[in-house]
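Here are the chains, one letter per residue:
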Amino acid sequence: MRKCVKCGRYTLRRDKCPVCGGELTVPHPPRFSPEDKYVEYRLKMKMKSGLLSLDKPLIYDP
Ligand SMILES: [Zn+2]
């Protein structure tokens, strides 16, 4: 699926717009969210596996 940069129509063609002959672009850019749930999940997995040791215990109990 591509979108014409000139007329804004969507087309399945790859070379150029079938309506106006304009250039085509991929309409949806890759979504990037640092606060993704997947990132949170990965963080938890790291904590579980002991790779991440950010939170050291405040209360020391020897
Ligand atoms: Zn067009």
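See the structure shown above.
Residues numbered from 1 in each chain as written. Predicted model: local features only at pLDDT ≥ 70, side-chain atom pairs only at ≥ 80, totals over all residues.

(A) Here's a closer look at the environment of Lys-3. You can see Lys-3 is positioned in strand β1 (residues 2-4). For Lys-3 and Thr-25, which are 22 residues apart along the polypeptide, the C-alpha to C-alpha distance reads 5.2 Å. Every residue in contact with Lys-3, bar those within four places of it in the chain, is listed here: Gly-8, Tyr-10, Leu-24, Thr-25 and Pro-27. (Helix = DSSP H or I, 4+ residues; strand = E, 2+ residues; numbered from the N terminus. Contact = placed C-beta atoms within 7 Å.)

(B) Main features of the sheet that holds strand β2 (residues 10-11). Here we have three strands laid out as an open sheet, ordered β2-β1-β3, and antiparallel in their pairing. If you trace the sheet from one side to the other, it starts and ends with β2 and β3 (24-25), each paired once. Pairing between β1 and β3: two bridges, direction antiparallel. Residue pairing for β3: Lys-3 is matched across the bridge by Thr-25. (Pairing = 2+ DSSP bridges.)

(C) Structural detail: the environment of Leu-24. Take Leu-24: it is sitting in strand β3. Sequence separation of Leu-24 and Cys-7 is 17 residues, and the distance between their C-alpha atoms is 10.0 Å. In contact with Leu-24, other than residues within four places in its own chain, are Arg-2, Lys-3, Cys-4, Thr-11, Arg-13, Arg-14, Lys-16 and Cys-17.

(D) View of the environment of Tyr-10. Along the chain, Tyr-10 falls in strand β2. On a C-alpha basis, the gap between Tyr-10 and Pro-27 in space is 8.4 Å, while along the polypeptide they are 17 residues apart. Look past the residues within four positions of Tyr-10 in its chain and what remains in contact with it is Met-1, Lys-3 and Pro-27.

Note that all results are geometric; they support no functional claim without further evidence.
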